[in-house]
2 protein chains.
Amino acid sequence: MLGGMSAPHTVDLDALVRRFIGFIVAKDLTAACAMLTPDCVYDNVPMGPVTGPEAVRTGLTPFLGECDQIDWVVHHQVARQDGPETGVVMNERLDRFHLGGRWVEVPVAGLFVIEQGLISLWRDYFDLATFRNSMSPGS
Amino acid sequence: MLGGMSAPHTVDLDALVRRFIGFIVAKDLTAACAMLTPDCVYDNVPMGPVTGPEAVRTGLTPFLGECDQIDWVVHHQVARQDGPETGVVMNERLDRFHLGGRWVEVPVAGLFVIEQGLISLWRDYFDLATFRNSMSPGS
């Protein structure tokens, strides 16, 4: 019996978060939300949190749908492995959204807590006024 | 000659950033600024960057001077060692300042780039309106 059990698979947490961001940028919310735990918290700090993959999908769908191109530039990313499939990743990004014929940009620092290979907490820190000003056509 | 050279000392970057924060919280800006490179950039993202230890000291002195207590709670901190004295640290904090008889609080995500044992970049992400609202006496 024991011979049939495989050793715990060590997940590359840095790659996991980059794959998740790749799905967001590709607007593949089905693939992105499949990487979240059932009770995942997604917290846009100045706006407040939502809970669960469906709430994440519902929250992101309208805005991402308006964008004809999305580009998240990861400046720095740091990962800490706490177990084979568990740990914490933080990154510093420039999130860029092309909509209405122009690029909207917001500097972001993100936290990702991974449990059993799934994201249980995604928290993004940014300045809401910077985002809103970048959204306004006059900027 | 070679026998007299010691092996490169590996700096604990996680501990280095916690020590730096300890100096800030203790309002010991002399000790804190001694941990910065001469061309260190301190970037409060929604407000813009300053360069050099003296500019950091000049920028922080008035505000910290108004506080009779400072408490920065580190929720998560992740460090990546790129060399014996080089790497990147990111953390998620609640920065608390006691002034005017009340606590002002702001959730922050910070990036610290360390080169040769000194901090060359310190960049804090937060929502400026959240900080200002917490500062206003009516909140």
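Above this text is the structure in question.
Residues numbered from 1 in each chain as written. Chains lettered and ligands numbered in written order. Predicted model: local features only at pLDDT ≥ 70, side-chain atom pairs only at ≥ 80, totals over all residues. Heavy atoms only, no water.

## Some details on the overall build of chain A
Right, on to step 1. Summing up its helical and strand segments, chain A has four helices and six strands in all.
Right, on to step 2. If you list the helices and strands of chain A from N to C, you get α-α-β-β-α-β-β-β-β-α.
Right, on to step 3. Considering only C-alpha atoms, chain A reaches an extent of 65 × 25 × 25 Å along its principal axes.
Right, on to step 4. In chain A, which comprises 139 residues, the proportion classed as buried is 47%.
Right, on to step 5. If you sum the accessible surface of chain A, you get close to 6800 Å²; carbon and sulfur atoms cover 57% of it.
Right, on to step 6. Positive and negative side-chain charges of chain A, numbering 10 and 17 respectively, have mean locations separated by a distance of 4 Å. (Helix = DSSP H or I, 4+ residues; strand = E, 2+ residues; numbered from the N terminus. Buried < 20%, exposed > 50% of the residue type's maximum accessible area, 1.4 Å probe, protein only. Areas by Shrake-Rupley, 256 points an atom, 1.4 Å probe, with all protein chains shown as cover. Lys, Arg positive; Asp, Glu negative; His and termini not counted. Charge placed at Lys NZ, Arg CZ, Asp CG, Glu CD.)

## Some points on the sheet that holds strand β4 (residues 86–99) of chain B
All names here are of chain B.
Right, on to step 1. Pairing is mixed in the open sheet, where six strands are placed in the order β2-β1-β6-β5-β4-β3. At either margin of the open sheet sits one strand with a lone partner, and together these are β2 (48–51) and β3 (69–83). Direction aside, the axes of adjacent strands within the sheet are offset by 15° on average.
Right, on to step 2. Pairing analysis gives 13 bridges linking β4 to strand β5 (residues 102–115), with the strands arranged antiparallel. By the bridge assignment for β5, L94 is matched with P107.
Right, on to step 3. The strands touched by helix α3 (residues 53–66) within the sheet are β1 (36–44), β2, β3, β4 and β6 (118–125), with β1 carrying the most contacts at an inclination of about 50°.
Right, on to step 4. Packed on one face of the sheet, helix α4 (residues 128–135) meets β4 and β5 and runs near 145° to β5. (Pairing = 2+ DSSP bridges. Axes fitted to C-alpha atoms, helices over the stretch in contact; angles between N-to-C directions. Contact = heavy atoms within 4.5 Å.)

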